Amino acid sequence: MTDRPPLPPFTHETALQKVQAAEDAWNTRDPERVAAAYTVDSVWRNRDRFITGRAGIVEFLTAKWQRELDYALRKNLWTFGEDRIAVRFQYESHDAAGQWWRSYGNELWEFDSHGLMRRREASINDVPIGQAERRIFGPRPDSERGTEFPLR
C-alpha cells in the first residue's frame, strides 16, 4: 500500500497540510484524483447519502460535478486529533439554470496509518446567492494559502 502523507499522528502543521491537499484535490473536480485519497473501502455520509468504496466515491463525485457547475471550494481546519481532522468548508457553484449556490458545511475525517481517509462524514447546507454575492473564484491563490476563509 502506498502512503499518502502527511501521515497520522497529526500535528497542527500536518493537519493544515492535509486540509490544503484535500481542498486542492477537490478543486480539480477530478473524481479519480479525489477518490485516490480514500481507502478502497472508505465509508462516507454526505448529506443524506451513504457511500462505500472508491468506485462509489467516483460515481458520486462525477454526478455531483455534473450538477454543481464551476464548483470552487475553501476548507479550513477546525481541530484535529491523532488520526482525525475536523474541517469547516464553503463552496460555490451554479446549477444548469444559472442559479448560484453557496454551500456551508462541516466534515469529520478519520485516517488509516497510511494517510488514506477511511471515513468522511459531511453535513452541508445550501444557500441561494446572486452572482454579485460570489466570493470564491476558482482554486485558492497562493496569496491566500494558510489563511482562514471567513464565514459570511
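For the structure, see preceding data.
It should be emphasised that the depicted structure is a prediction, and the values quoted were computed from it without experimental measurement.

Novice: Quick rundown of the overall build of the protein chain? Include the residues and the values.
Specialist: Looking only at helices and strands, the protein chain has 3 helices and 6 strands in total. Ordering the α and β elements of the protein chain from the N terminus gives α-α-β-β-α-β-β-β-β. For a compact globule of 152 residues, the expected C-alpha radius of gyration is about 15 Å, and the protein chain comes in at 15 Å, within 12% of that figure. Referenced to the eigenvectors of the C-alpha coordinate spread, the extents of the protein chain come out at roughly 45 × 35 × 25 Å. For the protein chain, with 152 residues in total, the buried portion stands at 45%. On the protein chain, roughly 8,100 Å² of surface is accessible, and the fraction owed to carbon and sulfur atoms is 53%.

Novice: How would you summarise the pairing of strand S2 (residues 49–52) if you had to cite specific residues and measurements?
Specialist: Where strand S1 (residues 38–46) meets S2, 4 bridges bridge the pair, whose relative direction is antiparallel. Across the sheet, residue Trp44 finds its bridge partner in S2, namely Ile51. Two successive antiparallel strands, S1 and S2, enclose a turn made up of 2 residues, where Arg47 displays a positive phi of approximately 55°.

Novice: So, the sheet that holds strand S5 (residues 100–111): which residues are in play, and what are the values?
Specialist: An order of S2-S1-S6-S5-S4-S3 is seen for the 6 strands of this open sheet, with the pairing classed as mixed. On the outer flanks of this sheet lie S2 and strand S3 (69–80), each paired with one strand and no other. Neighbour-to-neighbour, the strand axes of this sheet turn through a mean angle of 20°, independent of strand direction. Each of S1, S3, strand S4 (84–94), S5 and strand S6 (117–129) touches helix H1 (residues 12–28); the most contacted strand, S3, lies at about 170° to it.

Novice: An account of unusual backbone geometry is needed here, citing residue identities and associated values.
Specialist: For the bond from Pro5 to Pro6, the omega torsion is -5°, close enough to zero to count as cis. Geometrically, the link from Pro8 to Pro9 is a cis peptide bond, its omega value of 0° lying close to zero. Locating Pro9 in the fold gives a position in the segment before H1. The phi angle at Arg47 is positive, at roughly 55°, despite the residue not being glycine. With respect to the helices, strands and loops of the structure, Arg47 is situated in the loop between S1 and S2. According to the relative accessible area criterion, Arg47 is partly exposed, its value standing at 26%.

Novice: Report on the nonpolar core, specifying residues and quantitative values.
Specialist: Within the largest apolar cluster, 28 residues are counted, with the highest numbers of intra-cluster contacts made by Trp26, Trp44, Leu61, Ile85 and Trp109. Sequence-distant contacts of Trp109, that is, excluding residues within four places in its chain, are made with Lys18, Val19, Ala22, Lys75, Asp83, Arg84, Ile85, Val87, Met117, Arg119 and Arg120.

Novice: I'd like a description of the environment of Pro9, backed by residues and values.
Specialist: When its relative accessible area of 57% is taken as the criterion, Pro9 is described as exposed. Distance from Pro9 to Gly81, taken between C-alpha atoms, is 7.5 Å for residues 72 residues apart in sequence. When residues no more than four places from it in sequence are discounted, the contact partners of Pro9 are Thr14 and Glu82.

Novice: I'd like to hear about the pattern of salt bridges, residue by residue, with values.
Specialist: Within the structure shown, the criterion is met by 17 salt bridges. Glu92 is the salt-bridge partner of Arg134, the closest N and O atoms lying 3.7 Å from each other. Taken together, the residues Arg134 in the segment after S6 and Glu92 in strand S4 connect sequence positions 42 residues apart. Per residue, the accessibility class of Arg134 equals that of Glu92, and both read buried.

What counts and what doesn't
Residues numbered from 1 in each chain as written. Predicted model: local features only at pLDDT ≥ 70, side-chain atom pairs only at ≥ 80, totals over all residues. Heavy atoms only, no water. Helix = DSSP H or I, 4+ residues; strand = E, 2+ residues; numbered from the N terminus. Rg over C-alpha atoms; globule rule 2.2 N^0.38 Å. Buried < 20%, exposed > 50% of the residue type's maximum accessible area, 1.4 Å probe, protein only. Areas by Shrake-Rupley, 256 points an atom, 1.4 Å probe, with all protein chains shown as cover. Pairing = 2+ DSSP bridges. Axes fitted to C-alpha atoms, helices over the stretch in contact; angles between N-to-C directions. Contact = heavy atoms within 4.5 Å. Core = buried A, V, L, I, M, F, W, Y, C linked by side-chain atoms within 4.5 Å. Salt bridge = Lys/Arg side-chain N within 4 Å of Asp/Glu carboxyl O.

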